[in-house]
Amino acid sequence: PVAIPEFDDTESMDITVGMAQTDLGPGLSLGPTGLDDGAESMVNFFGIKAKGRKIVFVIEAARFMLTDPKGGIPAYDKVKEDIGRILDGMNKKTGFNIVLFEGKKIASFRDDVVEASPSNVRLAMEWFDPNNKKFEKIGIQDGYVTKPLKDGIEPIPVDHLAHYVKAVQRALEMDLSTIFVM
């Protein structure tokens, strides 16, 4: 259950826990990507379905994601397998990216969305696979970098952003149409 405060506005809103979808439109574009605007893909990520032209997966990489109540490494491997399956099934012109977060650390596969071509999908999975593979090396791997965030989320300065908020901010800077957060 989600409690939503009362507003004078009568506009309706659809809320789905686990996934947020937005179309920022051409007026809020953060830069050209060269992707075909008609290249939508339908995605089913652990039962949450959405379609989009530019899809970003935001995944937590923190140690507590691997505790036994959450399924441990086998469950995290299932997340990786599911994302690999989804990327393989996407329209080749659909844009995608993967963003990992752990505390104040974030890392993204690429600085922007890339086409779901077979080579990009293979490279993304090779990038994602080493994360949380062994208990001795939990979290975002050393050497994984991402460009700095452009701005904070008012009134929070960018240096104070952490966890999924920082990762979602990073994803929103990619001019996405659909975001999945896990």
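Keep in mind that what you see is a predicted model, and the values were worked out from it rather than measured.

**With respect to the overall build of the protein chain**
Here is step 1 of the chain: Of the regular secondary structure elements, the protein chain holds three helices and eight strands.
Here is step 2 of the chain: Starting at the N terminus, the α and β elements of the protein chain follow one another as β-β-β-β-α-β-β-β-α-α-β.
Here is step 3 of the chain: The buried share among the 182 residues of the protein chain stands at 43%.
Here is step 4 of the chain: If you sum the accessible surface of the protein chain, you get close to 10,400 Å²; carbon and sulfur atoms cover 55% of it.

**Some thoughts on the nonpolar core**
Here is step 1 of the chain: Counting residues in hydrophobic clusters, the biggest one holds 29 residues, and the most contacted among them are F57, I83 and L87.
Here is step 2 of the chain: Going through the elements one at a time, β2 (41-45), β4 (54-60), α1 (72-89), β5 (95-102) and α2 (118-128) are the ones with two or more residues in this core.
Here is step 3 of the chain: Leave out the neighbours within four places in its chain, and L87 touches F57, F96, I98, A116, V121, A124 and M125.
Here is step 4 of the chain: Counting 13 residues, the second largest nonpolar core, distinct from the first, contains V56, V99, I106 and A167.

**Notes on the pairing of β5**
Here is step 1 of the chain: With seven of eight residues buried, β5 is to be regarded as a mostly interior element.
Here is step 2 of the chain: Bridge analysis of β4 against β5 gives seven bridges, and the strand direction is parallel. Within β5, the position partnered with K54 by the bridge is G95.
Here is step 3 of the chain: Pairing geometry for β5 and strand β6 (residues 105-108), over four bridges, is antiparallel. Within the sheet, the bridge partner assigned to E102 lies in β6 and is K105.
Here is step 4 of the chain: What sits between β5 and β6 in their antiparallel hairpin is a turn of two residues, with G103 showing a positive phi close to 60 degrees.

**Looking at the confidence of the model for the protein chain**
Here is step 1 of the chain: Within the protein chain, residue pLDDT values average 74, and 68% of them lie at 70 or more.
Here is step 2 of the chain: Every residue in residues 9-34 scores below 50 in pLDDT, and together they form 39 contacts with partners more than four places removed in sequence or on other chains.

**Digging into the pattern of salt bridges**
Here is step 1 of the chain: Under the definition given, this model contains eight salt bridges.
Here is step 2 of the chain: Its salt-bridge partner being K93, residue E115 comes within 3.6 Å of it at the nearest N-O pair. Placement of E115 in strand β7 (residues 114-115) and of K93 in the loop between α1 and β5 is noted, with a sequence separation of 22 residues between them.
Here is step 3 of the chain: Residues participating in the shared-partner salt-bridge network are D111, R170 and E173.

**A word on α2**
Here is step 1 of the chain: Within α2 the residues assigned to the buried category are N120, V121, A124, M125, W127 and F128. Buried residues of α2, seen end-on, are gathered within an arc of 155 degrees and therefore sit on one face of the element.
Here is step 2 of the chain: Looking at the buried positions of α2, the neighbouring elements they touch are β4, α1, β5, β6 and β7.

**Some thoughts on the packing of α1 against α2**
Here is step 1 of the chain: One way to put it is that α1 packs onto α2 with a least axis distance of 10 Å and a crossing angle of 170 degrees. Between α1 and α2, the interaxial angle falls into the category roughly antiparallel. Contacts between α1 and α2 involve Y76, K80, I83, G84, L87 and D88 from the first element and V121, A124, M125 and F128 from the second.
Here is step 2 of the chain: Residues of the contact of α1 with α2, tallied by class, amount to seven nonpolar, one polar and two charged.

**Notes on the packing of aromatic side chains**
Here is step 1 of the chain: All chains considered together, the criterion is met by three aromatic pairs.
Here is step 2 of the chain: An aromatic cluster of at least three residues, connected via ring pairs, comprises F96, F109 and W127.
Here is step 3 of the chain: Sitting over the face of the ring of F109, R110 holds its NZ or CZ atom 4.2 Å from the ring centroid.

Criteria and cut-off values
Residues numbered from 1 in each chain as written. Predicted model: local features only at pLDDT ≥ 70, side-chain atom pairs only at ≥ 80, totals over all residues. Heavy atoms only, no water. Helix = DSSP H or I, 4+ residues; strand = E, 2+ residues; numbered from the N terminus. Buried < 20%, exposed > 50% of the residue type's maximum accessible area, 1.4 Å probe, protein only. Areas by Shrake-Rupley, 256 points an atom, 1.4 Å probe, with all protein chains shown as cover. Core = buried A, V, L, I, M, F, W, Y, C linked by side-chain atoms within 4.5 Å. Contact = heavy atoms within 4.5 Å. Pairing = 2+ DSSP bridges. pLDDT = per-residue confidence, 0-100. Salt bridge = Lys/Arg side-chain N within 4 Å of Asp/Glu carboxyl O. Arc of directions from axis to C-beta. Axes fitted to C-alpha atoms, helices over the stretch in contact; angles between N-to-C directions. Parallel < 35°, antiparallel > 145°, perpendicular 65-115°, else oblique. Nonpolar A, V, L, I, M, F, W, Y, C, P; charged D, E, K, R; others polar. Phe/Tyr/Trp six-rings, centres within 6.5 Å; stacked < 30°, edge-to-face > 60°. Lys NZ or Arg CZ within 6 Å of the ring centre and 35° of its normal.

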